[in-house]
Amino acid sequence: MSFLTVQNVHHSYFTPKSVTNALQNISFDIEEGEFISLVGPSGCGKTTMLSILSGLISPTEGKVLIDGRLPNSQTTSIGYMLQQDYLFPWKTIEENILLGLKLQNQLTAEKKEKTLGLLKEIGLSGIEMQYPKQLSGGMRQRVALVRTLAINPKILFLDEPFSALDYQTKLKLEDLVFDTLKAYRKTAVLVTHDIGEAISMSDRILLFNAKPGRLHKVFSVPEELRNLRPFDVRSKEAYSILFQEIWKELESLENDG
Ligand SMILES: Nc1ncnc2c1ncn2[C@@H]1O[C@H](COP(=O)(O)OP(=O)(O)OP(=O)(O)O)[C@@H](O)[C@H]1O
């Protein structure tokens, strides 16, 4: 059985005046250690899918299993990286990155040392006693990554985590997040509007279509690109070929819509 299984998921939002079919008949599997991206036109249900995968909302029909169990945002070990870092401004960086462990009653001396070590590993030692407002956007996202990894999640959900950053910082962070997740063999699901980011970071790309949200096509990233760092992937011919393929498919979806 796969690490994560999505079985015939449908999801509708009901309001007093309307029903929106956000997702229709979605099924796919994710293996442990895989990096998957969800791409597709606006409104195709990417964020809804992520909320269902993480157990924040239950699908109207169908089910998701992570490690054989229904996801539960309270108990399943899930890490998030979002567009905004959501660091607490009144807490120091050290307090911010240890907060998850503290809330879960798991803050041991060993885990503290490990988490502070992680901060060092991603090039941020010496900022432990600073406050978020003293850091740049890229540094804050790196702190957010450490905070996420501190709780040793089984799976990470990344919802456009680089989209608020300038281009250069975004490319650097893609490399850093990729290296870190590979080193710790984490399973990850990324939602992005950036096809280049999806190709350069993922093993597979799930292209969704809108109205209603459906899984339109799955693209496998060629083996030769998978172990390269995202920045290096972008200069390869196989990257350009896949980029064109996904781009054309997206255009055809948008023209149909
Ligand atoms: N809370 C909600 N109540 C009603 N409709 C919703 C709600 N959340 C999302 N929707 C609708 O469900 C559909 C899918 O939305 P969702 O945000 O999951 O798409 P998305 O692919 O993440 O979009 P985007 O790329 O623009 O962020 C859209 O039609 C949206 O308007």
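Structure shown above.
Residues numbered from 1 in each chain as written. Predicted model: local features only at pLDDT ≥ 70, side-chain atom pairs only at ≥ 80, totals over all residues.

(A) How the structure looks around the environment of Asn 25. Assignment of secondary structure puts Asn 25 in strand β2 (residues 19-30). Residue classification places Asn 25 among the partly exposed positions, given that 13 C-beta atoms sit within 10 Å. Separated by 37 residues in the primary sequence, Asn 25 and Gly 62 have C-alpha atoms spaced 8.1 Å apart. Once you skip the residues sitting within four places of it in the chain, Asn 25 turns out to touch Asn 8, His 10 and Arg 214. (Helix = DSSP H or I, 4+ residues; strand = E, 2+ residues; numbered from the N terminus. Buried ≥ 20, exposed ≤ 12 C-beta atoms within 10 Å, placed from the backbone. Contact = placed C-beta atoms within 7 Å.)

(B) Representation of the sheet that holds strand β3 (residues 35-39). Within the open sheet, the six strands sit side by side as β5-β6-β7-β3-β8-β9. Their pairing is mixed. The strands lining the two open edges of the sheet, one partner per strand, are β5 (78-82) and β9 (214-220). This sheet shows a mean twist of 20° between the axes of neighbouring strands, independent of strand direction. Here β3 runs beside strand β8 (residues 204-209); their pairing, made up of four bridges, is parallel. For Ser 37, the partnering residue across the bridge sits in β8 and is Ile 205. Across the sheet, helix α4 (residues 137-150) lies against β5 and β6 (155-159), angled at about 170° from β5, the strand it touches most. (Pairing = 2+ DSSP bridges. Axes fitted to C-alpha atoms, helices over the stretch in contact; angles between N-to-C directions.)

(C) Expanded view of the site of the ligand. Close contacts around the ligand come from Tyr 13, Thr 20, Ala 22, Ser 42, Gly 43, Cys 44, Gly 45, Lys 46, Thr 47, Thr 48 and Gly 213, and that covers them all. Looking at the shell around the ligand, the elements that each hand over two or more residues are β2 and α1 (46-53). A per-element tally of the shell around the ligand places α1 first, with three residues. Taken together, the residues of the shell around the ligand break down into three nonpolar, seven polar and one charged. (Near = placed C-beta within 6 Å. Nonpolar A, V, L, I, M, F, W, Y, C, P; charged D, E, K, R; others polar.)

(D) The nonpolar core, seen in detail. In terms of nonpolar packing, the biggest core is built from 59 residues, with Val 143, Phe 157, Leu 158, Ala 188, Val 189 and Ile 199 touching the most fellow members. No other element matches α4, which puts seven residues into this core. Beyond its immediate stretch of four places on either side in the chain, Ile 199 contacts Ile 205, Val 221, Val 233, Tyr 239, Leu 242 and Phe 243. (Core = buried A, V, L, I, M, F, W, Y, C linked by C-beta atoms within 7 Å.)

(E) Structural detail: unusual backbone geometry. That bond from Lys 211 to Pro 212 is cis: its omega, -5°, falls within 30 degrees of zero. Positive phi outside glycine occurs at Asn 105, with the angle close to 60°. Within the secondary structure layout, Asn 105 lies in the loop between α2 (93-103) and α3 (109-121). Take Asn 105: there are 7 C-beta atoms within 10 Å of it, and that puts it in the exposed class.

(F) The arrangement of the sheet that holds strand β1 (residues 4-14) in detail. The antiparallel open sheet is built from three strands, whose spatial order is β2-β1-β4. The outermost strands of the open sheet, each flanked by one partner alone, are β2 and β4 (61-66). Direction aside, the axes of adjacent strands within the sheet are offset by 25° on average. Across five bridges, β1 lies against β4 in antiparallel orientation. The partner of Leu 4 across the bridge, within β4, is Ile 66.

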